[in-house]
Amino acid sequence: MPHPVFRKDPPVSGAGALELIVRGDPALLAIVRLSLLVTVSATALASLIGLPAGALLALARFPGRTALVVAINGLMGLPPVVVGLAVFLLLSRSGPLGSLGLLFTPTAMVLAQALLITPIIVALTRQTIEALWEEYSEELSAMGVSRGSAVATLLWDLRFPLVTILLAGFGRAAAEVGAVIMVGGNIDGFTRVMTTSIALETSKGNLDLAIGLGLVLIGLVLAVNALAWGVRQWAGAHAG
Amino acid sequence: MRSTIASAVLALALIAGGAAATSAQKKPEAAAQSIVVASTTSTQDSGLFGHILPLFKAKTGIDVKVVAQGTGQALDTGRRGDADVVLVHAKAQEEAFVANGFGVKRQDVMYNDFVLIGPAADPAKAKGGNDIVAALKAVATTKSPFVSRGDKSGTHSAELQLWQVAGLEPQKAKPIWYREIGQGMGAALNTAAAMGAYVLADRGTWISFKGKDSLAIAVEGDKRLFNQYGVILVDPAKHPHVRKDAGQAFIDWLVGAEGQAAIRSYKINGQQLFFPNASPSG
Amino acid sequence: MRLEDITLRAGGSLVLDDVSLPLARGVTTVLLGPNGAGKTTLLKVAMGLVAPTSGRVDEATACGGAPRKAFVFQRPVMLRRSAAANVAFALRAASRPAATGEVDALLARVGLGSLGSRPARLMSGGEQQRLALARALARAPGIIFLDEPTASLDPAATKAVEEIIKSMIADGVTVVMSTHDLGQARRLADRTAFMARGRLLETGPAGAFFSAPATREARSFLAGDIVL
């Protein structure tokens, strides 16, 4: 990992932060790339589990279902640092999954973030599917559609709302610092992401750099939200 | 339905797999040797590692991953076996670590010193002195604001010991001018700058700290402000997975001529921060 | 087909009480009665969406083989797609090929020929009702059940829908519908079935019903009174 330029020659004015971004400082880019890698992977993993789980929860009826729905809605508000602590204790060498040697690696960060956002994806998916299923199920069965096909139809018609749910999960994961700093260790060049860098540089008094990273992070979050908005608009115009 | 859901799941799995694969591209680097060193935030913030670790890597090809935490947490990381080597500056705690069977041996590596930082207004009239104990007494008497790290770190232990020598225990009495923040050195300096308070800092973090504002060194040079660093290999008998060969290689380099020279050569603004003092017998 | 002795209990109450009704081919049957009489439920039982607690639905026809059935709900649910996609979906669901020509023909038949690419959920109430009819016709049904097809429509839309219903009847589709609109019943019915409180009180040729209703409740209803 090349010694980062910004550590030795810090910018002396706020404009310096923007200069780093515009110049495409390689260390800055590496941090941004790792952040995206971790959060995209975490979102993919959480979706793999969360979308089917949310669909199942929306459509199946079993004793204790209501309690489960309430519990998952509550888990949406899991504090990231608590998730970080839980995963840390699991992955520590002294913990149950210690033999995997995953602590202080990007994989641990992916796992922690995935754990954090899965409840969000499950809860929002359930809500979205349940609402439309109430409308669709009778109409589709009158059309002679099998239950399985009806579910597939529902999911296809919900493809845009489901994408915005994934974007919501992504946004939440990208913005958190508590989980990744605990399980990643904020190791220079290895597990340091935008949020943990901001925390570190602020604590070192490198506020200009911290602000620079903050601008990139805000830009990312805004872009994701704009994308979600765009998807909703397009879906509204084309599918109603 | 099954086929549609299955294909959606497959698509997501492919995305996840792709992401994992690109992150796995980092693995070949890590498959080359690497060790995890648990050290302190003040050491990390001083920039020392950024200077010496590339030299070590160039020599041995071993990647050193530093997890920077408070001293208490760094030792705990070693206890849990989540690090291969521990490098902190709290001799008593380090010796206990070894005595309790978590570490193989403790060796001196280097020292830096603490300085008492104070606000420009200098309400305790401590500036320019070289007696830390007298300065602390003055801070207490004048009830000047004082920021403590309060995080079981090496700096925190040193601070408490100095108060004890001064015959005071503000961490127990908790008077209003004594502010424990439970965070690292950078945060403590930020807080002190914002509050116009005194704070005990290691010189390394102080020199490279960017937000000095109107803070300045009040007291320095007192022998009691010495800050000794020790390095310990986490005991492989306790944690068999510890990479003891690479870890020992790091320790040997650190206390050997090359590592000591590397430490000596690290300067900020022309000032040397750390003074190597490993004993030749190792 | 015929409904024989249909009784349905749900949630502790008697929704349908021993209802028997023949639904002959080519005879337009209109269910009349106050709200809560059980008209919608009877239609759903006939369609097979709801199972009766007792009684049976006999679907054998004189030529053998059950007729293809279709149902249009009072508030039809549009799929979140274009109008044409909704029709295509209905065709595929009925195991019929969803050729563009067929879709266009069905849309044209209900007067929505130019609105094929409009998102169905953004269409007006009248347009959605007509689209629901197109979806029903996509099944090439022998019998269509319509639950209050013009209940929420303005007069222009109502007229358009009635024209479509008349054309369906002319094409040989058996229409069984419920309505609140006595005028509509007069216009469309061959046979009426008057229900109240889950029971079939009177059934027979429409003309006879309107001119000389047999039961007290029917007379009250036709006079515009509230029938409890």
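As the structure is a computational prediction, the values presented were derived from the model and not from experiment.

A. A look at empty space enclosed by the protein. Throughout the structure, instances matching the rule amount to 3 cavities of 30 Å³ or more. Taken as a whole, the largest cavity spans an internal volume of roughly 80 Å³. Around the largest cavity sit 13 residues that line it, and Ser35, Thr39, Gln113, Ala174 and Val193 of chain A are the ones nearest its centre. Ranked by the residues each element gives to the lining of the largest cavity, the list is headed by helix 3 (residues 26-59) of chain A, at 3 residues. Its residues assigned to classes, the lining of the largest cavity comprises 8 nonpolar, 4 polar and 1 charged. Roughly 60 Å³ of internal volume is contained in the second largest cavity. Lining of the second largest cavity is provided by Glu139, Ala142 and Met143 of chain A together with Ala70, Phe71, Ala132, Arg135, Ala136 and Arg139 of chain C. Contributing elements (two or more residues each) for the lining of the second largest cavity: helix 6 (106-142) of chain A together with strand 5 (69-72) and helix 4 (125-138) of chain C. Here the lining of the second largest cavity gets 3 residues from one element, more than from any other, and that element is helix 4 of chain C. The class makeup of the residues in the lining of the second largest cavity is 6 nonpolar, no polar and 3 charged.

B. Region of the structure containing the nonpolar core. Core analysis: the biggest nonpolar cluster contains 112 residues, and Leu32, Leu131, Leu146 and Met168 of chain C have the highest contact counts within it. If you tally residues by element for this core, the top one is helix 6 of chain A, at 14 residues. Every residue in contact with Leu131 of chain C, bar those within four places of it in the chain, is listed here: Met78, Ala83, Asn86, Val87, Leu107, Leu112, Ala120 and Met123 of chain C. Listed in part, the 31 residues of the second largest apolar core include Val85, Val109, Met110 and Leu254 of chain B.

C. Focus on the sheet that holds strand 9 (residues 199-205) of chain C. Residue and element names in this part refer to chain C. Spatial strand order, 5-6-7-3-8-9: 6 strands in an open sheet with mixed pairing. Bordering the open sheet on either side are strand 5 and strand 9, each of which pairs with just one other strand. The sheet shows a mean angle of 15° between the axes of neighbouring strands, taken without regard to direction. In this fold helix 4 packs onto strand 5 and strand 6 (143-147), with an angle of close to 170° to the strand it touches most, strand 5. The strands touched by helix 5 (residues 155-170) within the sheet are strand 6 and strand 7 (174-178), with strand 7 carrying the most contacts at an inclination of about 145°.

D. Focus on the interface of chain A and chain C. Contacts between the two partners involve 21 residues from chain A, matched on the other side by 19 residues from chain C. Buried surface at the junction of chain A and chain C, summed over both partners, amounts to about 1,800 Å²; 57% is from carbon and sulfur atoms. On the chain A side of the interface with chain C, the three residues burying the most area are Glu139, Ala142 and Met143 of chain A, jointly 33% of the side's total. If you look at where chain A meets chain C, you find 4 salt bridges.

E. Up close: the sheet that holds strand 2 (residues 13-22) of chain C. Residue and element names in this part refer to chain C. Read from one edge of the open sheet, 3 strands run 2-1-4, paired in antiparallel fashion. Each edge of the open sheet carries a strand with a single partner, namely strand 2 and strand 4 (54-58). Averaged over all pairs of adjacent strands, the angle between their axes in this sheet comes to 20°, without regard to strand direction. Across 6 bridges, strand 1 (residues 2-10) lies against strand 2 in antiparallel orientation.

F. Quick peek at the pattern of salt bridges. This structure, assessed with the given rule, holds 31 salt bridges over all chains. Among the ionic pairs, Lys166 of chain C bridges to Glu163 of chain C, the shortest N-O distance being 3.8 Å. Taken together, the residues span about one helical turn, with Lys166 of chain C and Glu163 of chain C both in helix 5 at a distance of 3 residues. Residue classification places Lys166 of chain C among the partly exposed residues on the basis of a relative accessible area of 37%. Residue classification places Glu163 of chain C among the partly exposed positions, given a relative accessible area of 39%. Shared partners join several salt bridges into a network, and the residues in it are Arg65, Arg126 and Glu130 of chain A.

G. Just the packing of helix 12 (residues 244-255) of chain B against helix 13 (residues 257-264) of chain B, in detail. Residue and element names in this part refer to chain B. Direction vectors running N to C along helix 12 and helix 13 enclose 60°, while the axes themselves pass 4 Å from each other. Where helix 12 abuts helix 13, its residues Trp253, Leu254 and Val255 lie against Ala257, Glu258, Gly259, Gln260, Ala262 and Ile263. Of the residues that constitute the contact of helix 12 with helix 13, the class distribution is 6 nonpolar, 2 polar and 1 charged.

H. Fine view of the packing of aromatic side chains. Evaluation of the coordinates by the stated rule reveals 17 aromatic pairs over all chains. When the centroid spacing of 5.5 Å and the interplanar angle of 65° are considered together, the rings of Phe160 of chain A and Trp234 of chain A count as edge-to-face. You can see Phe160 of chain A sitting in helix 8 (residues 159-175) and its partner Trp234 of chain A sitting in helix 11 (residues 207-239), a full 74 residues away along the chain. With centroids separated by 6.4 Å and ring planes inclined at 35°, the aromatic side chains of Phe71 of chain C and Phe145 of chain C adopt a geometry described as tilted. Of the two residues, Phe71 of chain C is situated in strand 5 and Phe145 of chain C in strand 6; the sequence distance between them amounts to 74 residues. Following the ring pairs from residue to residue traces out a cluster consisting of Phe146, Trp163, Trp177 and Tyr178 of chain B.

Calculation rules
Residues numbered from 1 in each chain as written. Chains lettered and ligands numbered in written order. Predicted model: local features only at pLDDT ≥ 70, side-chain atom pairs only at ≥ 80, totals over all residues. Heavy atoms only, no water. 1 Å grid on protein atoms, 1.4 Å probe; cavity = no way out; pocket = protein on both sides within 12 Å on 5 of 7 lines; lining within 4 Å. Points joined across faces, edges and corners; volume = space filled by probe spheres on them. Helix = DSSP H or I, 4+ residues; strand = E, 2+ residues; numbered from the N terminus. Nonpolar A, V, L, I, M, F, W, Y, C, P; charged D, E, K, R; others polar. Core = buried A, V, L, I, M, F, W, Y, C linked by side-chain atoms within 4.5 Å. Buried < 20%, exposed > 50% of the residue type's maximum accessible area, 1.4 Å probe, protein only. Contact = heavy atoms within 4.5 Å. Pairing = 2+ DSSP bridges. Axes fitted to C-alpha atoms, helices over the stretch in contact; angles between N-to-C directions. Buried area = accessible area lost by both parts, 1.4 Å probe. Salt bridge = Lys/Arg side-chain N within 4 Å of Asp/Glu carboxyl O. Phe/Tyr/Trp six-rings, centres within 6.5 Å; stacked < 30°, edge-to-face > 60°.

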